[in-house]
Amino acid sequence: MIDEPGPWGTGPFTLVQGASSILTRNAIMSPDPYTCAWLIESEDRSPEVILEANPTHWNRARRGPRVQRAVFRNDLSPAEALELCISTDGEVDIVTEVSPADAERVARSEHARLLTADANRVLTCIINRDRHDVPLDSVDVRKALNLAVDRSRLIADGLAGYANEIPALTPSWCSGFPEGAHPYPYDPDEAKRLFDKGGWPSRRPVRIAAPPPFVGIAQLIAGDLRKALDVPVEVLRVPEEEVLAGSRALVEKKLDLPWDLLVHAWFDLSSEAPPAAVHREFFGRDGAFRAGPPDEGFDELFALMAVTLDAERLVRIAEQIDRYCFEHALAVFLCAPQALYAVNNHVGFGPYRTTFEIAEVTVDERHWSRQPGAGRTATRAGATTPAAATDRPGFSGASGNAC
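Residue numbers run consecutively from 1 along every chain, following the written order of its sequence. Given that the model is predicted, a residue must reach a pLDDT of at least 70 before its local features are reported, and side-chain atom pairs must reach 80 or more before they are shown or counted; all residues, however, enter totals for whole chains, interfaces and linings. Side-chain numbers come from the whole structure's heavy atoms, not from hydrogens or water.

Colleague: Account for the overall build of the protein, with residues named and values stated.
Modeller: Every helix listed is a DSSP run of H or I at least four residues long, and every strand listed is a run of E at least two residues long, numbered separately from the N terminus. Tallying secondary structure elements over the protein gives eleven helices and 18 strands in all. Along the first, second and third principal axes, the C-alpha atoms of the protein reach 75 × 45 × 40 Å. Across the 403 residues in the protein, those meeting the buried criterion constitute 50%. Neither His nor the chain ends contribute to the count of charged residues, in which Lys and Arg are positive and Asp and Glu negative. To locate a charge, the coordinates of NZ of Lys, CZ of Arg, CG of Asp or CD of Glu are taken. Here the protein carries 42 positive and 58 negative side-chain charges, and the mean point of each set is 1 Å from the other. Each residue gets one of three labels from its accessible area relative to the maximum for its type: buried under 20%, exposed over 50%, partly exposed in between, using a 1.4 Å probe on protein chains only.

Colleague: Requested: an account of the sheet that holds strand E9 (residues 163-165), with residues and values cited.
Modeller: Spatial strand order, E9-E13-E8-E12-E10-E11: six strands in an open sheet with mixed pairing. Of all strands in the sheet, those with a lone pairing partner are E9 and strand E11 (233-237), marking the two edges. Strand-to-strand twist in this sheet, taken as the mean axis angle between neighbours without regard to direction, amounts to 30 degrees. Where E9 lies against strand E13 (residues 331-337), three bridges are found, and the strand directions are antiparallel. Directly across from glutamate 165, in E13, lies its bridge partner cysteine 335. Two strands pair if DSSP finds at least two bridges between them. Inter-axis angles, ranging from 0 to 180 degrees, are taken between N-to-C directions of lines fitted to C-alpha atoms, where helices are fitted over the stretch in contact.

Colleague: For the environment of alanine 27, give the residues involved together with the corresponding values.
Modeller: Considering the arrangement of structural elements, one finds alanine 27 in strand E2 (residues 20-31). A residue is classified by how much of its surface remains accessible, and alanine 27, at 0% relative accessible area, is buried. Through-space distance from the C-alpha of alanine 27 to that of valine 238 is 19 Å; in sequence the pair is 211 residues apart. Leaving out residues up to four positions away in the same chain, alanine 27 has contacts with Thr35, Cys36, Ala37, Leu39, Arg248, Val251 and Glu252. What makes two residues a contact is simply this: any of their non-hydrogen atoms within 4.5 Å.

Colleague: Residues and numbers for the packing of aromatic side chains, please.
Modeller: Each Phe, Tyr or Trp ring (for Trp, its six-membered ring) is paired with any other whose centre lies within 6.5 Å, and the angle between the two planes then decides the class: stacked below 30 degrees, edge-to-face above 60, tilted in between. Counted according to the given criterion, the structure contains eleven aromatic pairs. An aromatic cluster is defined as three or more aromatic residues linked by ring pairs; in this entry it consists of Trp266, Phe267, Phe282, Phe283, Phe289, Phe298 and Phe302.

Colleague: So what about the pairing of E11? Which residues, and what values?
Modeller: Taken together, the five bridges between strand E10 (residues 206-210) and E11 define a ladder with parallel strand orientation. Bridge pairing in E11 links arginine 207 to glutamate 234. By convention, a crossover is right-handed whenever its connection, traced from the first strand over the helix to the second and viewed with the strands pointing away, goes clockwise. In this region the chain leaves E10, passes through helix H7 (residues 215-229) and returns to the parallel neighbour E11; the handedness of that crossover is right-handed.

Colleague: Got a sec to walk through the environment of serine 270? Specific residues and values, please.
Modeller: Of note, serine 270 is situated in the loop between strand E12 (261-267) and helix H9 (279-283). Put simply, serine 270 and threonine 354 are 84 residues apart on the chain and 6.6 Å apart in space, counted from C-alpha to C-alpha. Residue contacts for serine 270: discarding those within four places in its chain leaves Asn120 and Thr354. From its side chain, serine 270 meets the backbone nitrogen of glutamate 272 in a polar contact 3.1 Å long. In the analysis that follows, any N or O atom pair within 3.5 Å is treated as a polar contact, provided that within protein one partner can donate a hydrogen and the other can accept it, and provided that, for residues neighboring in sequence, both atoms belong to side chains.

Colleague: Could you give an account of the sheet that holds strand E7 (residues 112-117), naming the residues involved and the relevant values?
Modeller: Within the open sheet, the three strands sit side by side as E6-E14-E7. Their pairing is antiparallel. Every interior strand has two partners, whereas the edge strands, strand E6 (94-95) and E7, have only one. The pairing of E7 with strand E14 (residues 339-344) spans six bridges and is classified as antiparallel. Each bridged residue has a counterpart across the sheet, and for alanine 112 the counterpart in E14 is asparagine 344. Contacts from helix H2 (residues 78-87) reach E6, E7 and E14 within the one sheet, and its direction differs from that of E14 by about 45 degrees.

Colleague: Run through the pattern of salt bridges, naming residues and quoting values.
Modeller: For this analysis, a salt bridge means a side-chain nitrogen from Lys or Arg found within 4 Å of a carboxyl oxygen belonging to Asp or Glu. Scanning the model with the defined rule gives 26 salt bridges in all. Where aspartate 133 meets arginine 204, a salt bridge forms, and the shortest distance between an N and an O atom there is 3.0 Å. You can see aspartate 133 sitting in the loop between strand E8 (121-127) and helix H4 (139-147) and its partner arginine 204 sitting in the loop between helix H6 (188-198) and E10, a full 71 residues away along the chain. The exposure class of aspartate 133 is partly exposed, given its relative accessible area of 42%. Notably, a salt bridge pairs aspartate 299 with arginine 285, separated by 3.4 Å at the nearest N-O pair. Taken together, the positions of aspartate 299 in helix H10 (residues 296-306) and arginine 285 in the loop between H9 and H10 put the pair 14 residues apart, joining distant regions of the chain.

In C-alpha cells form, the structure reads like this:
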C-alpha cells in the first residue's frame with residue numbers, strides 16, 4: 001500500500017504524484033493453526049497516479065524505462081478509457097483487461113490495435129463437495145460434469161475465441177504442464193452414463209452460481225448440462241453487492257454454500273510452479289477457494305512439492321499435482337482466458353503472461369506526445385481505471401489500465 005505521494009521506488013520508474021491504497025478484511029479459515037485470506041473491501045485511489053523515469057535504475061540499458069512519464073488515470077471508468085483509446089489520440093494509450101465482447105471494436109479502430117497474450121490465468125467451476133443432498137463427492141459425477149461441457153463452444157460463444165482449453169489448472173505454456181495431457185473431451189453419452197451411475201437425485205437441479213462478469217459463461221454451461229445429462233439446471237446470479245459476503249463465506253467455510261458449482265477465475269504471478277498459487281487455493285487444506293473437505297492425496301503431493309529444492313524434481317511434482325486434479329475431476333475445468341489489450345498504434349508494448357509492465361513501453365516519432373505543441377499532456381503516458389460491475393465477460397477482480 002502506498003498512501004501518500006512519493007517519490008517512491010527504485011525500479012525503472014518512481015512514483016512522484018498521487019497514491020493508491022486498498023482496504024482489506026481478514027477472513028479467518030482456521031484459528032489454530034492460524035490461516036486466513038485477505039479480501040479487498042474497497043479501493044482509495046487519487047484521480048491520477050504519476051510515474052517518472054528513474055535515471056539511476058541499475059538495469060536501464062536492458063530493462064528501461066523507455067518513456068519519461070506514465071500517468072495512471074483513475075478518473076475514468078473502464079468503458080470511458082476504452083472509448084478514448086479507440087476513438088481519440090492523446091488521451092489513453094493502453095487499456096488492459098479488454099472484454100472479449102469489445103475486442104472487435106478495438107480491431108476496427110483507426111487509433112488503436114488489439115493485442116492478445118496467453119496469460120497465466122484460469123477459468124473454472126469450483127465443485128461444492130460439501131453438499132449433502134447430491135453426490136458431488138463422487139468422482140463419477142464430477143467426471144460427468146466435465147464430459148458434459150463443450151469447451152470449444154464455450155470459448156467461441158462465451159469468450160469470442162479468446163481463450164485456450166486446458167486439461168486442469170496448468171496452461172500448456174507453464175512449467176509443470178503434464179506431458180501429453182489433454183482436456184476432458186465433450187462426450188455427452190459417457191457423461192450421462194457416469195452421471196446416472198453416480199446417483200444424482202431425480203429432478204434435483206444442478207445449481208450454478210456466477211458473479212456478473214461470468215453469468216453468460218454459466219448459462220452456456222447450464223445449457224450443456226441440461227442437454228447432456230437430462231437434468232434441470234439453475235443459474236444463480238450473485239449480485240455485485242453480495243460478492244464480498246459470498247467470497248467470505250467461501251473462504252471461511254463456516255456456512256453452507258447454496259450452490260453446487262461456482263464459476264471462478266484466478267491467476268498466477270509465476271510460470272515456474274503453478275500449484276503454489278493456483279491449485280492450492282482451489283484444493284489445498286489452506287486453500288481460500290476449497291469447497292469441500294480437504295483432499296489427503298492432494299495435500300500429500302503439495303507438502304512434498306513445498307519442501308523440494310531441486311528445480312527439475314519440483315517441476316515433476318507440479319506435473320503430478322495437475323494430473324491428480326484432472327484424474328479426480330476436482331473441478332469443472334474450463335479454459336485459460338487470454339489477456340486482451342487496446343494499444344495506440346504508435347505505442348510499442350509487449351504483454352507479459354503474468355503482470356502489466358510498462359518499463360519496456362516505447363513510442364514512435366508519430367506518437368501524439370512527440371508532436372509540436374503537445375504541451376503538458378506530451379508527458380502523459382497512461383491511465384489506470386478500477387474494474388466496474390459489468391455483465392461483459394472478463395477476468396474477475398482485475399483492473400483496467402491504460403498507457
